[in-house]
Amino acid sequence: MEELVINGNKLRLIKENIALLDVEAIVNAANRSLILGAGVAGAIRSFGGTTIQEECNKIGPIEVGEAVITGGGNLKAEYIIHAAGPVYGEGDEANKLARATLNSLKISNKKEIKSIAFPAISTGIFHFPLQKCSEIMLKVAAEFLRNNEYPKEIIFCLYKDKAYSIFENSLEKLAKIIQDKEHLNGK
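Throughout this document, residue positions are counted from 1 along each chain, in the order its sequence is written. Given that this is a predicted model, residues contribute local features only at a pLDDT of at least 70 and side-chain atom pairs are listed and counted only at 80 or more, while totals for whole chains, interfaces and linings are drawn from all residues. Excluded from the side-chain calculations are hydrogens and water; all other atoms, namely the structure's heavy atoms, are used.

## Focus on unusual backbone geometry
- In this model, G60 is joined to P61 through a cis peptide bond whose omega is 0°.
- Secondary structure elements are taken from DSSP: a helix is a run of H or I of four residues or more, a strand is a run of E of two residues or more, and numbering for both begins at the N terminus. Relative to the helices and strands, P61 is located in the loop between α2 (50-59) and β4 (67-71).
- Put simply, Y150 and P151 share a cis peptide bond, and its omega is 0°.
- Here P151 shows up in the loop between α4 (130-147) and β7 (153-158).
- Not every positive phi belongs to a glycine, and E112 is a case in point at roughly 55°.
- The residue E112 is located in the loop between α3 (93-110) and β6 (115-118) in this model.
- Of note in this structure, H127 is not a glycine but carries a positive phi near 60°.

## Details of the sheet that holds strand β3 (residues 25-30)
- Should DSSP find at least two bridges between two strands, the strands are regarded as paired. One open sheet holds the seven strands; their spatial order is β1-β2-β7-β6-β3-β5-β4, and the pairing between them is mixed. For this open sheet the edge positions go to β1 (3-6) and β4, each flanked by a neighbour on one side alone. Between one strand axis and the next, the sheet turns through 25° on average, direction left out of account.
- As judged from the four bridges shared by β1 and strand β2 (residues 9-15), these two strands associate in the antiparallel manner. Axes, fitted as lines to C-alpha atoms, cover a helix only where it is in contact. Angles between the N-to-C directions of the axes lie from 0 to 180 degrees.

## Side note on the pairing of β2
- Taken together, β1 and the strand that follows it, β2, pair antiparallel across an intervening segment of two residues, in which N7 is found at a positive phi of about 55°.
- Both β2 and β7 contribute to a ladder of six bridges, which runs parallel. Opposite L11, over in β7, you have I154 as the bridge partner.

## Here we look at the environment of A77
- Following the sequence through the fold, A77 ends up in the loop between β4 and β5 (79-84).
- Counting along the chain gives 55 residues from A77 to D22, while the straight-line C-alpha distance between them is 5.8 Å.
- Contacts: residue pairs with any heavy atoms within 4.5 Å of one another. The residues contacting A77, other than those within four sequence positions of it, are L21, V23, E24, A25, I26 and G72.

## Observations concerning the environment of G124
- Secondary-structure assignment places G124 in the loop between β6 and α4.
- When accessible area is computed with a 1.4 Å probe and restricted to protein chains, residues below 20% of their type maximum are described as buried, those above 50% as exposed, and intermediate ones as partly exposed. Given the relative accessible area of 48%, G124 is considered partly exposed.
- Between the alpha carbons of G124 and A38 there is a distance of 9.1 Å; along the sequence they are 86 residues apart.

## Here we look at the pairing of β6
- Alternating residues of β6 divide into S115 and A117 and I116 and F118, and every residue in both groups is buried.
- For β3 and β6, the ladder comprises two bridges, and the chain directions are parallel. When the bridges of β6 are listed, I26 appears paired with A117.
- Note that β6 and β7 share four bridges and pair parallel. Bridged to S115 within β7 is E153.

Structure below.
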């Protein structure tokens with residue numbers, strides 16, 4: 001399964017370089033200091049140019065679980081939402097990841113952003129397990145789509161086959177849970 005429709009809006013998966021997507025906003029898997037280092041942040045820096053880091057320098061640091069917005073620099077995306085994800089092992093990581101996801105979505109809703117793309121936050125150098133990340137982020141996204149007008153489309157942009165496969169499996173399980181709940185509620 002690559003797509004789930006919730007409340008008329010889409011939750012979908014793609015395998016791509018997030019920095020190259022033509023969406024209104026992309027989410028950067030940020031660190032607290034908002035320094036664009038490696039991984040997703042490095043791709044954003046490489047393709048987006050120096051203005052993004054300059055904007056981040058005026059904002060940071062932020063707390064883990066928080067999210068802030070900057071312009072997209074030279075990217076196709078108009079905005080970048082920088083979500084500070086947890087380092088695995090620091091404590092309360094699941095809640096921090098859920099908050100980083102939710103706070104990114106709240107920013108997109110407030111700015112009426114139609115399409116937003118997320119990476120698998122904290123699964124790179126922060127070592128958050130991919131399976132748990134997929135379950136947390138997809139659940140938060142699905143609940144947000146059910147209760148909010150924006151964004152109209154949430155994309156999870158996975159770069160590697162393994163990450164895509166794990167997110168796809170979690171999306172299938174989530175779709176079954178949603179379908180079962182709707183059936184029980186008579187929808």
